[in-house]
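Descriptive structure summary
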Amino acid sequence: MTLSALALVLFAALLHAGWNAMVKAVDDRAGVLAAVSAAHAVLGLVLVLSFPLPAPASWPSIAASAILHYGYYILLFRAYRLGDLSQVYPISRGLAPAVVALSAMLLIGESLTPLGWFGVACVSSGVTLLALQRGAAQASRHAVVFAICLGLLIAAYSVADGIGVRRSGNAFSYMGWLFLLEFPVPLAIGLSRRRAGGAFGARVLGIGALCGVAAVSAYGIVLYVKTIAPLGAVSAVRESSVIFAALIGILCFGERPIAGRLLAAAVVALGVMAIASS
C-alpha cells in the first residue's frame, strides 16, 4: 500500500470514528442512521445524474452489496436492543479484515506479503483486545453471535464492493448507484416511525446530517482506494477507526480504563505500519 493510499484510508477511518462518536450524543440511534442513509441516497442521486452507468460487469456486485447492506442495517437495528452489544461490536470490526483478506485471496487471487498478513493479524488482534477491554468475555452468547454475524456481513459487502468498483470503469458511477440504493433504509425507518406516531427531532436530524456527510465521505474514500490497493490491506487500515473511536472516548467522554485502550491502539498501530511497509 502506498503512503498516499494509507493516508487516505486513515483519514476515512478518522471520519468514521468521528461520526460514530457523534451518534453517542443522541439516544435516537435509528433516527441518526436514517439520516445517514438518506445522505447516502441523496449523494448517490447526484452522482448517478453526473456520471455514466458503471460497466455491466459491476452490477452483480452493486446488487449483492446493496442486499448485504440491508441485512447489515436490519441486524444492527435488532442488535441495538441488546444492552451489551457495545461490549462486543469491536469483534465485528476486528473479524472483518481477516475475512476480507482471505476472501480476496480465494476469489481474485490477491494475496498479501508475509508482512502484510502480520499487519492484518495485528489490526484484528488489537481491535479484539479492545472488545475484551469493554467486557466482551462477560457478554451474553447472543450478543457475541450478533457481533460475529455483523463482522461477516461487513466482510462480505467489503469484498463485493472491492471487486465491483474495480470492474465498474468509473468509481464515482459505482458509488452513485450503491449509495442511491440505500433509499429504502430511511424510507422504512420513516414509515415505521410514522405508524408508531413518533417523529424525528430537529437535533437528531441535524446530527444525522453531519454524520451522513462524514459517512459518505469516509466510505467513498475507501471505495476509491480499493481500486489502487489490496482489499485486505484497505479493510485492515479502515478498521483502525475503532481505535480512533476508543481514543476519542478517552479524550472527549472520559471513558476508562486508559491502559488497555492504549495497548490496543499500539497493537493496531503496529499492524498499520506493517501493512504500509509491506
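Structure: see above.
Predicted model only: the values in this text are computed from it and were never measured. In this numbering scheme, every chain counts its residues from 1 along its sequence in written order. Per-residue local features are limited, in this predicted model, to residues with pLDDT of at least 70; the limit for side-chain atom pairs, both in listing and counting, is 80 or more; totals at the level of whole chains, interfaces and linings are taken over all residues. The side-chain values count all of the structure's non-hydrogen atoms but skip hydrogen atoms and water molecules.

Glancing now at the overall build of the chain. For the chain, the helix and strand inventory stands at twelve helices and zero strands. Reading the secondary structure of the chain in the N-to-C direction produces α-α-α-α-α-α-α-α-α-α-α-α. Taking 19 Å as the expected radius of gyration for a compact globule of 278 residues, we find that the chain reaches 18 Å, a close match to that expectation. Across its three principal directions, the C-alpha atoms of the chain cover 50 × 45 × 30 Å. Among the 278 residues that make up the chain, the fraction classed as buried is 50%. If you take every contact in the chain between residues at least 6 apart in sequence, the share linking residues at least 24 apart comes to 86%. His is not counted here, nor are the chain ends, while Lys and Arg score as positive and Asp and Glu score as negative. Working definition for charges: the position is that of NZ of Lys, CZ of Arg, CG of Asp or CD of Glu. Once the 17 positive and 8 negative side-chain charges of the chain are each reduced to a mean point, those two points are 3 Å apart. In DSSP terms, a helix is any run of H or I states spanning at least four residues, a strand is any run of E spanning at least two, and both are numbered starting from the N terminus. Here the globule rule is a power law, 2.2 Å times the number of residues to the power 0.38, and the radius of gyration is based on C-alpha atoms. Each residue is assigned to one of three classes by its accessible area relative to the maximum for its type, calculated with a 1.4 Å probe on protein chains only: buried under 20%, partly exposed between the two thresholds, exposed over 50%. Contacts are residue-level and defined by heavy atoms, with any inter-residue pair within 4.5 Å sufficient.

On the secondary structure map, Ser92 appears in helix H4 (residues 85-108). We call two N or O atoms a polar contact when they sit within 3.5 Å, provided that within protein one can donate a hydrogen and the other can accept it, with sequence-adjacent residues counted only if both atoms are side-chain atoms. Within the local environment of Ser92, its side chain forms a polar contact with the backbone oxygen of Ala147, the two atoms lying 2.6 Å apart.

This part covers a nonpolar patch on the surface. On the surface, Leu102, Met105, Leu106, Leu107 and Ile108 cluster together to form a nonpolar patch covering roughly 480 Å² of accessible area. Structurally, Ile108 is set in helix H4. Candidate patch residues must exceed 30% relative accessible area and have no salt bridge, after which like charges are joined if within 9 Å and Val, Leu, Ile, Met, Phe, Trp or Tyr side chains if within 5 Å. Note on areas: these come from Shrake-Rupley sampling with a 1.4 Å probe, and a residue is covered only by the protein chains present in the view. Think of a salt bridge as a Lys or Arg side-chain nitrogen and an Asp or Glu carboxyl oxygen that are within 4 Å of each other.

Nonpolar side chains in soluble globular proteins generally cluster together in the buried interior. With 65 residues, the main nonpolar core has Met1 and Trp19 as its most contacted residues. When residues of this core are assigned to their parent elements, the largest contribution, twelve residues, is made by helix H9 (residues 202-225). As used in this record, nonpolar core signifies buried Ala, Val, Leu, Ile, Met, Phe, Trp, Tyr and Cys residues forming a set joined through side-chain atoms within 4.5 Å.

Our next topic: helix H2 (residues 29-50). Here the expected length of a helix is defined as 1.5 Å per residue gap, with one fewer gap than residues. Taking 1.5 Å per residue, 22 residues should reach 32 Å; H2 reaches 32 Å between its end C-alpha atoms and fits that length. Taken together, the buried positions of H2 are Gly31, Val32, Leu33, Ala34, Ala35, Val36, Ser37, His40, Ala41, Gly44, Leu47 and Val48.

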